[in-house]
Amino acid sequence: MKIQSRCNLACTYCYMYEHADQSWRTQPVAMSEEIVASLAARIGEHAATHRLPAVGVVLHGGEPLLAGGPRIRWIAERIRAELPPTTRLGLHLQTNGVLLAAAAGEELCQTLVETGVKVGISLDGDRAANDRHRVHHNGTSSFQEVVNAVRRLGSPRYRRAFSGLLCTIDPENDPVESYQALSDLDPPRIDYLLPHANWDVPPSRPAEAGATPYADWLIAVHRRWSADGRRLPIRVFDSIQSALAGGESLKEALGTEPCDLAVVETDGSIELADSLKTAYDGAPRTGFHVLKHSFDEAAAHPGFALRETGVTGLCHTCRQCPVVEICGGGLYAHRYSKDKGFDNPSVHCADLFKIITYVKEASPPDSAATGTGAAHEMSGTCFDSLAAGLGDVVAIRQLAAAQQSINRGLLDRVLTASCERGEYSRRPWQAFDAMQRDDPQRYRKALLHPFLRVWASRYLDATPGSPGVEYLSSPTADHRHRPRLTAGDLTVTLDNVDPCLDCYGKPLVDRLDPAALAAWQHMFAEAWQLIATEYADYAPAIGAGLSTIVPLAPRPGAQTSATARQAFGAIAIALPDTADDLALLIIHEFQHVKIGALMDMFDLYDPASPLTFPVPWRRDERPPEAALQGLYAHAAVADVWRTRWLRTSNTDSERSTAGKRYATWHRAVAQVAGALQVSGVLTGLGERLVAGLAEHARR
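The structure reproduced in this document is the subject of the present report.

## Thoughts on the overall build of the protein chain
Tallying secondary structure elements over the protein chain gives 26 helices and 13 strands in all. For the protein chain, the C-alpha atoms occupy an extent of roughly 105 × 55 × 50 Å along the three principal directions. In the protein chain, buried positions account for 54% of the 699 residues. Considering only intrachain contacts with a sequence separation of at least 6, the fraction spanning at least 24 residues in the protein chain is 71%. Taken as a whole, the protein chain presents about 30700 Å² of accessible surface, with 52% of it coming from carbon and sulfur. One finds the centroid of the 70 positive side-chain charges in the protein chain at a distance of 3 Å from the centroid of its 81 negative side-chain charges.

## Focus: helix 6 (residues 175–183)
Taken together, the buried positions of helix 6 are Pro175, Ser178, Tyr179, Leu182 and Ser183. All buried residues of helix 6 lie within an arc of 125° about the axis, which places them on one face of the element. The secondary structure elements touched by the buried residues of helix 6 are strand 4 (162–168), strand 5 (190–193) and helix 7 (213–227). One side-chain oxygen at the N-terminal end of helix 6 lies 3.1 Å from the backbone nitrogen of Val176; it belongs to Asp174.

## Observations regarding the sheet that holds strand 10 (residues 490–494)
In spatial order, the strands read 9-10-11-13-12; together these five strands make up an open sheet with mixed pairing. Both outer strands of the open sheet, strand 9 (484–487) and strand 12 (561–562), are each paired with one neighbouring strand and no more. Packed on one face of the sheet, helix 21 (residues 514–533) meets strand 9, strand 10, strand 11 (548–551) and strand 13 (570–573) and runs near 30° to strand 9. Contacts between helix 23 (residues 579–601) and the sheet are confined to strand 12 and strand 13, with strand 13 contributing the most and set at about 140° to the helix.

## Some details on the pairing of strand 10
The element strand 10 is extensively covered by neighbouring structure, given that four of its five residues are classed as buried. Pairing between strand 9 and strand 10: four bridges, direction antiparallel. Looking at the pairing, Arg484 lines up with Thr493 of strand 10.

## A closer look at the nonpolar core
Counting 129 residues, the largest nonpolar core has Met1, Ile121, Tyr192, Ile355, Phe451 and Trp455 as the members making the most contacts within it. In terms of residue count, the dominant contributor to this core is helix 7 (seven residues). Residues in contact with Trp455, not counting those within four places in the same chain, are Leu411, Val414, Pro467, Gly468, Val469, Tyr471, Leu472 and Cys500. Ranked by size, the runner-up nonpolar core spans 77 residues in total, among them Met601, Phe602, Tyr632 and Val681.

## Some remarks on the packing of aromatic side chains
All chains considered together, the criterion is met by twelve aromatic pairs. Taken together, a centroid distance of 5.2 Å and an interplanar angle of 50° make the contact between Tyr336 and Phe342 tilted. Centroid distance Trp455 to Tyr459: 5.7 Å. Interplanar angle 40°. Geometry classified as tilted. Here Trp455 and its partner Tyr459 are both found in helix 19 (residues 452–461), four residues apart, which amounts to about one turn of the helix. This pair shows no difference in class: Trp455 is buried, exactly as Tyr459 is.

## Looking at the side chain of Thr493
Within the element layout of this structure, Thr493 appears in strand 10. In this structure Thr493 touches Arg482, Pro483, Arg484, Ser547, Thr548 and Ile549, once residues within four positions along its chain are discounted.

## What to know about the packing of helix 16 (residues 393–420) against helix 18 (residues 440–447)
At a minimum axis distance of 8 Å, the contact between helix 16 and helix 18 shows a crossing angle of 85°. In terms of orientation, helix 16 and helix 18 fall into the roughly perpendicular class. Contacts between helix 16 and helix 18 involve Gln404, Asn407, Arg408 and Leu411 from the first element and Tyr443, Arg444, Lys445 and Leu447 from the second. Of the residues assigned to the contact of helix 16 with helix 18, the class counts are three nonpolar, two polar and three charged.

## Observations concerning the sheet that holds strand 4
In space, the five strands of this open sheet follow the order 1-2-3-4-5, with parallel pairing throughout. Single-partner strands in this sheet number two, and they are strand 1 (54–59) and strand 5. The average undirected angle you get between the axes of adjacent strands in this sheet is 25°. Bridge count between strand 2 (residues 88–95) and strand 3 (residues 117–122): five bridges; the pairing is parallel. If you follow Leu91 over to strand 3, its bridge partner there is Val117.

## Comments concerning the environment of Leu386
Relative to the helices and strands, Leu386 is located in helix 15 (residues 380–387). Using a relative accessible area of 1% as the deciding quantity, one classes Leu386 as buried. Spatially, the C-alpha atoms of Leu386 and Tyr158 are 50 Å apart, while their sequence positions differ by 228 residues. For Leu386, the contacting residues outside a window of four places in its chain are Met378, Gly391, Ala395, Leu399, Lys594, Leu598 and Tyr632.

## Some words on the environment of Glu63
With respect to the helices and strands, the residue Glu63 is situated in the loop between strand 1 and helix 2 (69–82). The exposure class of Glu63 is buried, given its relative accessible area of 2%. Separated by 59 residues in sequence, Glu63 and Gln4 place their C-alpha atoms 6.2 Å apart. If near-sequence neighbours (up to four positions away) are discounted, Glu63 is found in contact with Gln4, Arg6, Cys7, Asn8, Thr95, Asn96 and Gly97. Reaching out from Glu63, the side chain makes a polar contact with the side chain of Thr95 at a distance of 2.8 Å.

Definitions and cut-offs
Residues numbered from 1 in each chain as written. Predicted model: local features only at pLDDT ≥ 70, side-chain atom pairs only at ≥ 80, totals over all residues. Heavy atoms only, no water. Helix = DSSP H or I, 4+ residues; strand = E, 2+ residues; numbered from the N terminus. Buried < 20%, exposed > 50% of the residue type's maximum accessible area, 1.4 Å probe, protein only. Contact = heavy atoms within 4.5 Å. Areas by Shrake-Rupley, 256 points an atom, 1.4 Å probe, with all protein chains shown as cover. Lys, Arg positive; Asp, Glu negative; His and termini not counted. Charge placed at Lys NZ, Arg CZ, Asp CG, Glu CD. Arc of directions from axis to C-beta. Polar contact = N/O pair within 3.5 Å; in protein donor to acceptor, adjacent residues only side chain to side chain. Pairing = 2+ DSSP bridges. Axes fitted to C-alpha atoms, helices over the stretch in contact; angles between N-to-C directions. Core = buried A, V, L, I, M, F, W, Y, C linked by side-chain atoms within 4.5 Å. Phe/Tyr/Trp six-rings, centres within 6.5 Å; stacked < 30°, edge-to-face > 60°. Parallel < 35°, antiparallel > 145°, perpendicular 65-115°, else oblique. Nonpolar A, V, L, I, M, F, W, Y, C, P; charged D, E, K, R; others polar.

In structure tokens form, the structure reads like this:
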């Protein structure tokens, strides 16, 4: 939607005002209410006819913000009102940003956030690069105004409306300095554009820059971007990478997917892509108008139909090219010449070929080559030691490696999701990138932060109230200020402040005063001594894997403890009355940690099974996963009570109590193990695990 046809800047390369088509001079300054209403109805009609799940509308110009906040709000509301309830509207706006930096900029930003508009701002780099072309009508600099606009829109209050920066490449500008200036502003994305040109009006190619100055410019950016960890999405590189992997190209200027773009001018004319204004006067015109024609009628125009033909619609040179599926012939307007029309390769052909080839060769190897598969493998010896309910240091390290791999994959998904939501910020990722580069061991430890997976899953699910990407500072932070419990060689964090601790679903301790910390330290040291001596079979796994204890609020007359399925290495406990009880709770809950991590690596049961199982430790019947979890944990509980029953220092009363509880839990374990073994719900590995538990219980 060309909602405004005039602009408050005079950019020297602008395709609207500085190229062959000068129709802007006869266009209305602003789109009238009648045209807006008719266009909104046409969009709704088209969405309903084709049952479209989503429609994308770009508010464009000229400078669209000249319309003002109230007008933009009204346009957005009018379009939404015409859409079917099942069609989602994606609203975008491309601006030079100057008005966002003005006195009314706060109000404009608020309007854009409230109306759900995603905003891209044009900026070509540092001051020298930007002011080479993007200046006011009197020739003065626009740089600081645009930078101020970017900072305002990128602030936490408005950031969800910020979609990224758009930069037009000029080989006279230093590529690394340009990239650095843009990345320092922490945009959600950078989109680099080749300058508009064609075979009759070729792009600038400085004599000293060689035959492919634009590719060389992008290669220099790619190298710096790669050195920075590739965290900042750059659309041209992501587009090439996606197409190389068989996905969509993400850009109108690359790829062979059909072009689904139509432009509506301020007078209501339906036109082809407005970049065609650079070819010749009248090149985008179709003769269709929103007051008279539907989009289906306009789609029959040869100019739209040609863009639906993919590779077959390209010239002979392009069809023979080895990168044609990635390049797609480049931007349609860039193929034009007076002699052959659009039956040419792009005027940027050599640059496109070189940058695509470079990105392909510079692409990181796939996961199979990097060995991430090994992170999800386990030796038979380690599996059997865990199946017996125990596990040694090597087994725990193999569980931890799988958790690191899972978390690394989740972080990649979070990065993608934050870009798609317009919430990407480079700063939270910087510590991770620096750590991965400079201190790999600490990086691997950060990936095992026990609540990283909890947070990432919530972020991906868009769970209300969950922290944003700023949470990433927690795994990489120095938590030496948080209280720690030490016993022998074991040190664990006592954490009651992480924002994801509600994953346990139980009340937490509000504060840990010195007396409470002293009580925890004293009892933890005693409990660990018991585990290391009387329950020594369980000590290696706990010592290798337990990183965090979350202090729960105690309940009078009851013991309280918990684990969270996604919080590897952490357990939650309310401090009990005795070290014996704390040792039991630690062993019990860490069993849940082990079996949960094992379930992440292997299929132990049929997840589609509708079967449920009665279990003596619950009043309700449990599905297969919960029954296995409980069996694994209570096999250790029975083991602990057996050891306490055989303790020679017991009084008769203590021995009797321990013996009864051992008998109770021993029968419970045998009952549930037997039910699972005959149910048919277990996989081969699941049967191996339950058999290992049953065998250990019989010893």
